[in-house]
Amino acid sequence: MGAQIIDGKAFAAQVRGQVAEHVATLKDNHGITPGLAVVLVGEDPASQVYVRSKGKMTVEVGMNSYEHKLDVDTSEADLLALIDQLNADPAVHGILVQLPLPGHLNEDLVINSIDPAKDVDGFHISNVGLLGTGQKSMVPCTPLGCLMMLRDHHGSLSGLDAVVVGRSNIVGKPMAQLLLGDSCTVTIAHSRTKDLPDVVRRADIVVAAVGRPEMVPGDWIKPGATVIDVGINRIDAPEKGEGKTRLVGDVHYESAAAVAGAITPVPGGVGPMTIACLLANTLTAACRANGLPEPEGLTA
């Protein structure tokens, strides 16, 4: 029969629609327009695409979009001064500094200079600590998107056995914290985990976020399990012609889809949810800044 495909593109559109409705209500009832400031240093092509996409979708849901594009040789002092300015601006509810930064800039220093309440990426050390101790925080967008899809598919996650393959600060660790918060039994596995196939094979939920193309094959998947594939890897595709490539996840899709109960595709799975959750986080930050109730279903 094959796995149910979890359509991240459609789900993300639904989330953006919810955000737009809440934004319209904020404007009508309180005269508040959430604002997202995105800072791009340099001219990395992929980062430019992401920033354009973020700006476009921010405007589409009725928010204010503030883009700050800085030269690649911008000094750390100048970047930190801009962040201080955005921290102090009441019209800006969310601040995102597009990563990676040029090599001469200290990413940790820059991220931790953002007001934690405006840190819509959820990377500030204060938000990491709050999430890890089960307190209200800004939640990293990609894990939040994964959690939303899992809740939508399963309803309650309580008691399910979850394995997160990957231990990054951006996805793996916060994903594990979010699953713990929903009462899963959680294992963080990685490339050095002993008997990794057996560890993955016992999971009701597998979140693959290890950054290795098609590392998780179908015979690692428990029949009926839900597979969330965070990986986005570009590999050679000679069948398309010389020099052509294609996108694959961290899971071997065809073999896993034959065993799993549900699975996210790549592309079209987790990816679209990341920007949708960025918008949701900006809305949440605006509500918190103004002492208003947070929108239900759009945060952890």
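All of the points below concern the structure found in this document. (Residues numbered from 1 in each chain as written. Predicted model: local features only at pLDDT ≥ 70, side-chain atom pairs only at ≥ 80, totals over all residues. Heavy atoms only, no water.)

A few words now on helix α2 (residues 45-60). For α2, with 16 residues, the first-to-last C-alpha span of 23 Å sits near the 22 Å given by 1.5 Å per residue. For α2, every residue scored as buried is listed here: S47, V51, K54, G55, M57 and T58. Check the buried side of α2 and you find it contacts α1 (8-30), β2 (35-41), β3 (64-70), β4 (94-97) and α10 (271-289). Of the residues trailing α2, G62 is marked for its positive phi of about 90°. (Helix = DSSP H or I, 4+ residues; strand = E, 2+ residues; numbered from the N terminus. Expected span 1.5 Å × (residues − 1). Buried < 20%, exposed > 50% of the residue type's maximum accessible area, 1.4 Å probe, protein only. Contact = heavy atoms within 4.5 Å.)

Hydrogen bonds along the backbone pair up the strands of a sheet, which may run parallel or antiparallel. Taken in spatial order, the three strands line up as β3-β2-β4 in an open sheet, and their pairing is parallel. Strands at the two margins of the open sheet, each flanked by one partner only, are β3 and β4. For this sheet the average axis-to-axis angle between neighbouring strands, irrespective of direction, equals 15°. Here seven bridges tie β2 to β3, and the two strands are oriented parallel to one another. In the strand pairing of β3, V38 is matched with E67. Strands β2, β3 and β4 of the sheet are contacted by helix α3 (residues 76-88), whose axis makes an angle of about 180° with β2. (Pairing = 2+ DSSP bridges. Axes fitted to C-alpha atoms, helices over the stretch in contact; angles between N-to-C directions.)

Another aspect to go through is the nonpolar core. Residues V19 and L179 are the most contacted members of the largest nonpolar core, which totals 56 residues. If you tally residues by element for this core, the top one is α10, at ten residues. In contact with L179, other than residues within four places in its own chain, are L150, L157, A162, V164, C184, V186 and V207. By size, the runner-up hydrophobic cluster in this structure holds 21 residues, among which are L196, V199, V206 and A257. (Core = buried A, V, L, I, M, F, W, Y, C linked by side-chain atoms within 4.5 Å.)

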